Amino acid sequence: MKHTGTVSTMGAEGRTSAPTTRTVQTKNPINRAPHSKPPFTISDIRKAIPPHCFKKSLLRSFSYLVHDLTLVFLFYYIATTYFHLLPSPYNYLAWPIYWILQGCVFLGVWVIAHECGHHAFSDYQWVNDTVGLVIHSALMVPYFSWKYSHRRHHSNSGSIEHDEVFVPKPKSEIEWYYKYLNNSPGRVITLAVTLVLGWPLYLAINASGRQYDRFASHYDPYSPIYNARERLQIYISDVGVIVTIYVLYHSALAKGLAWLICIYVLPLLILNGIIVFITYLHHTHTSLPHYDSSEWDSLRGALATVDRDYGVLNKVFHNITDTHVAHHLFSTMPHYHAVEATEAMKPILGEYYQFDGTPVYKAMWREAKECLYVERGEEIKGVFWYKNKL
């Protein structure tokens, strides 16, 4: 996924990254990516990356978390202390700015919890799971539940049959009403609903997720997503979310529902929308192949994603946006080494590295228009490409 930033404070020591020429397009980004077996291995890629990029620093990881939480509390303090003093209409303009800024910083915090799930935060699993559980629960995410399904997404990325999320459908499985939404007003409605409801619906009912033979939910310990060994931790995830709901309920009783909506709920909706926006654009692109079991392998699956440029927000989102290819290849790598690693591996990957510098708002519209379903390729039957003719 891609993440962006709000302020220049991300330029503190230890938070800068090497300059990159990634925004310079060297090829048409919508041309199909290579889909044959690569002439390199995952070991070749790893050897091209400086060894220190794989090392985790507990102190440095916590510094990013403290930095992000400081911004969260700073925005909260400004909103609750000064907004009511502003004359109209400035007081009404200030709140949307707060929601957007806080939502973006929430995403930075969310990314750190996401790294905990990948054991990229530290070398200590108990630290990773403790920090991840607390942070994700506070953002209404069942930590272990999503950790396990997301890990399976990484293990099966690009697979038509086994990937966990944003699995494209063949034309025969497209719902009948899609033809009525395949126009500009329909796409606006579809995108709005997807951005607002996509993330909570995925967690609750596995919307846009892999098809199972029965109902699947991230909140259900007996969901087909999980095995018996994981069941206890799904319960723990649910308890974490319930505790957050309990705290929010009492906050609403003490401060009022309007206060809770303005301070927490609306920034959370911004966060949820950005999660869907970023994830969709990472895995939905006309250039990207998908594979069935006759062609899929883990390396080609990991390469079936695309890096995007979100400008200053790349830093706020801890570069999950412009280093997503590296993240899929080496998910335990800390985010603060991902830019350097991406630059180091690009000569090895060559045309197998996919980057699209199209402004993301234009890219979202283009992908929503062009990527409706997938069909088998004409040359290799186990490779699928996006189509849009209904």
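For every chain, the first residue of the written sequence is number 1, and numbering continues from 1 along that sequence. The predicted nature of this model means local features are confined to residues of pLDDT at least 70 and side-chain atom pairs, given and counted, to a pLDDT of 80 or more, with totals for whole chains, interfaces and linings taken over all residues. Side-chain figures throughout are based on the complete set of non-hydrogen atoms in the structure, without hydrogens or water.

Draft legend 1. Here's a closer look at empty space enclosed by the protein. Definitions used for this entry: grid spacing 1 Å over protein atoms alone; cavity, a set of points where a 1.4 Å probe fits but cannot get out; pocket, an open set with protein on both sides within 12 Å along at least 5 of 7 lines; lining residue, one with an atom within 4 Å of a point. Grid points are joined across faces, edges and corners, and a volume is the space filled by probe spheres set on the points. Within this structure, the stated rule accounts for five cavities of 30 Å³ or more. Taken as a whole, the second largest cavity spans an internal volume of roughly 70 Å³. Around the second largest cavity, the lining residues are Glu 115, His 318, Asn 319, Ile 320, Thr 323, Ala 326, His 327, Phe 330, Met 333, Pro 334, His 335 and Ala 338. The class makeup of the residues in the lining of the second largest cavity is six nonpolar, five polar and one charged. Here the term charged refers only to Asp, Glu, Lys and Arg, the term nonpolar to Ala, Val, Leu, Ile, Met, Phe, Trp, Tyr, Cys and Pro, and the term polar to all other amino acids, Gly among them.

Draft legend 2. Quick look at the nonpolar core. Throughout this description, the term nonpolar core refers to a set of buried Ala, Val, Leu, Ile, Met, Phe, Trp, Tyr and Cys residues connected via side-chain atoms within 4.5 Å. Residue exposure (1.4 Å probe, protein chains only): buried if accessible area is under 20% of the type maximum, exposed if over 50%, otherwise partly exposed. Judged by nonpolar contacts, the single largest core of 63 residues is most densely connected at Leu 107, Trp 110 and Trp 199. Each helix is a run of H or I in the DSSP string that is no shorter than four residues. Each strand is a run of E no shorter than two, and both are numbered from the N terminus. Looking at this core, the elements with two or more residues in it are helix 2 (58-82), helix 3 (90-117), helix 4 (125-138), helix 5 (143-155), helix 7 (184-205), helix 8 (231-255), helix 9 (257-283) and helix 14 (360-370). Between two residues, a contact is recorded if the distance between any of their heavy atoms is within 4.5 Å. Ignoring anything within four residues of it in the chain, the contact list for Trp 199 reads Trp 110, Val 141, Trp 146, Thr 194, Asn 272, Ile 275 and Val 276. Of all hydrophobic cores here, the second largest spans 19 residues; its members include Phe 40, Leu 299, Ala 302 and Leu 349.

Draft legend 3. Layout of the layout of surface pockets. Estimated volume of the second largest pocket: approximately 570 Å³. Elements with a contribution of two residues or more to the lining of the second largest pocket: helix 2, helix 3, helix 4, helix 8 and helix 9. Looking at the lining of the second largest pocket residue by residue, the classes come out as 18 nonpolar, three polar and no charged.

Draft legend 4. Spotlight on the UniProt feature "domain: Fatty acid desaturase N-terminal" (unreviewed entry) in the protein. UniProt's entry tags residues 28-73 with the feature "domain: Fatty acid desaturase N-terminal" (unreviewed entry), counted in the numbering of this structure. For the annotated span residues 28-73, helix accounts for 50% and strand for 0% of the residues, and the straight-line distance between the end C-alpha atoms is 43 Å. UniProt positions are given in the numbering used here, feature names are shortened, and annotations may be inferred rather than shown by experiment.

Draft legend 5. View of the pairing of strand 5 (residues 383-387). Taken across its five residues, strand 5 has four buried, putting it largely inside the fold. Note: two strands are recorded as paired if DSSP finds a minimum of 2 bridges between them. Pairing of strand 1 (residues 290-291) with strand 5, which is carried by two bridges, proceeds in the antiparallel orientation. Looking at the pairing, His 290 lines up with Phe 384 of strand 5. When strand 4 (residues 373-376) meets strand 5, the two strands line up antiparallel, connected through four bridges. Counted as the bridge partner of Val 374 is Tyr 386 from strand 5. Hairpin connection from strand 4 to strand 5: six residues lie between these consecutive antiparallel strands.

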